[in-house]
Amino acid sequence: DQQVKQNSPSLSVQEGRISILNCDYTNSMFDYFLWYKKYPAEGPTFLISISSIKDKNEDGRFTVFLNKSAKHLSLHIVPSQPGDSAVYFCAASGYGNTGGFKTIFGAGTRLFVKA
Amino acid sequence: GAGVSQSPSNKVTEKGKDVELRCDPISGHTALYWYRQSLGQGLEFLIYFQGNSAPDKSGLPSDRFSAERTGGSVSTLTIQRTQQEDSAVYLCASSLGSSLGEQYFGPGTRLTVT
């Protein structure tokens, strides 16, 4: 049961254009969402996050949009740069009915930015 | 630089042997997480510690897997009687308090079971 889904395993974008990475979740208990970036042979690094009380958060070239009714979030990178080429993981956090805390990661989307 | 460190970076073991993976979180981070990433897969949540206690062990794949954390700092993930399907990169992360916010990841331990 995949609670966090990234349906596109890979995405290829030309340098300077916009990259849009999508993520869907199924569990309404999630109330905090994060994007992580991962280079080969390194651990993921935090990129940007959004609380469920917001619908947009922007940090430089990176913007995350949240549509709670659709249980969908997206990460926009504009303009895309070759150094953005990496695997991007979407993550959702929240407290479950039993009080346990969970962060669930998606399977990741590999972004290729072509020069 | 006091980031999250993990050891060993690589471990090759024979099927049936036990392995211990170590994680040193960022100093002052009370929350610690273990994940694993199998080839071509996403990050699979294993266990979460708040201090020395583990409120959520639901992600551990079987009773061959166990983890402990002592002194609110270092954590070890133990896999007994390893199987080939245990081969993966095991990632540790830590965060301040029990926040839902960002986690800081270590570089991972690549485990290969032959």
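A brief look at the structure comes next. Computed from a predicted model, the values in this text were never measured in an experiment. (Residues numbered from 1 in each chain as written. Chains lettered and ligands numbered in written order. Predicted model: local features only at pLDDT ≥ 70, side-chain atom pairs only at ≥ 80, totals over all residues. Heavy atoms only, no water.)

**Focus on the sheet that holds strand E3 (residues 19-24) of chain B**
Residue and element names in this part refer to chain B. The criterion, for reference: One requirement defines pairing of two strands: DSSP has to find at least two bridges between them. Secondary structure elements are taken from DSSP: a helix is a run of H or I of four residues or more, a strand is a run of E of two residues or more, and numbering for both begins at the N terminus. Each axis is a line fitted through C-alpha atoms, and for a helix only the stretch in contact is used; angles between axes span 0 to 180 degrees, taken between their N-to-C directions.
The strand order E1-E3-E8-E7 describes an open sheet built from four strands, whose pairing is antiparallel. Unpaired on one side and paired on the other, strand E1 (5-7) and strand E7 (65-69) mark the two borders of the sheet. Across this sheet, the average inter-strand angle for adjacent strands is 15°, counted without regard to direction. When E1 meets E3, the two strands line up antiparallel, connected through three bridges. Directly across from glutamine 6, in E3, lies its bridge partner cysteine 23.

**A few points about the nonpolar core**
Short version of the rule: Residues grouped as a nonpolar core are buried Ala, Val, Leu, Ile, Met, Phe, Trp, Tyr and Cys residues, joined through side-chain atoms within 4.5 Å. Summary of the burial criterion: residues with accessible area below 20% of their type's maximum are buried, those above 50% are exposed, and those between are partly exposed, where the area comes from a 1.4 Å probe applied to protein chains only.
Within the largest apolar cluster, 25 residues are counted, with the highest numbers of intra-cluster contacts made by A:Val4, A:Phe30, A:Phe33, A:Trp35, A:Leu73, A:Leu75 and A:Tyr88. Those elements that provide at least two residues to this core are strand E3 (19-25), strand E4 (32-38), strand E5 (45-51), strand E7 (62-67), strand E8 (72-77), strand E9 (86-95) and strand E11 (109-114) of chain A. Looking at which element gives the most residues to this core, the answer is E9(A), with four residues. Counting residues in hydrophobic clusters, the runner-up holds 19 residues, among them B:Val19, B:Ile26, B:Tyr90 and B:Leu111.

**Side note on the side chain of A:Lys37**
All names here are of chain A. Which entries qualify depends on this criterion: By the counting scheme adopted, Arg and Lys are positive, Glu and Asp are negative, and His together with the chain ends is not counted. Salt bridges, as used here, are contacts in which a Lys or Arg side-chain nitrogen is within 4 Å of a carboxyl oxygen on Asp or Glu. Distance and chemistry together define a polar contact, namely a pair of N or O atoms within 3.5 Å, with one atom able to donate a hydrogen and the other to accept it when in protein, and with adjacent residues in sequence counting only for side-chain atoms on both sides. In this analysis, two residues are considered to be in contact whenever any of their non-hydrogen atoms come within 4.5 Å of each other.
Position of lysine 37 relative to the elements: it lies in strand E4. Of the side chains with opposite charge, aspartate 84 lies nearest to the buried lysine 37, which makes no salt bridge, at 4.0 Å. Here tyrosine 39 takes part through its side chain, which lies 2.8 Å from a polar atom of the side chain of lysine 37. Apart from the residues within four sequence positions on either side, lysine 37 is in contact with Gly43, Pro44, Thr45, Gly83, Asp84, Ala86, Val87 and Tyr88.

**Points about the pairing of strand E5 (residues 43-50) of chain B**
All names here are of chain B. The buried fraction of E5 is high, at six of eight residues. Sheet topology places strand E4 (residues 31-37) next to E5; seven bridges connect them, and they run antiparallel. Among the inter-strand pairings, tyrosine 33 is bridged to a residue of E5, identified as tyrosine 48. Where E5 lies against strand E6 (residues 53-56), two bridges are found, and the strand directions are antiparallel.

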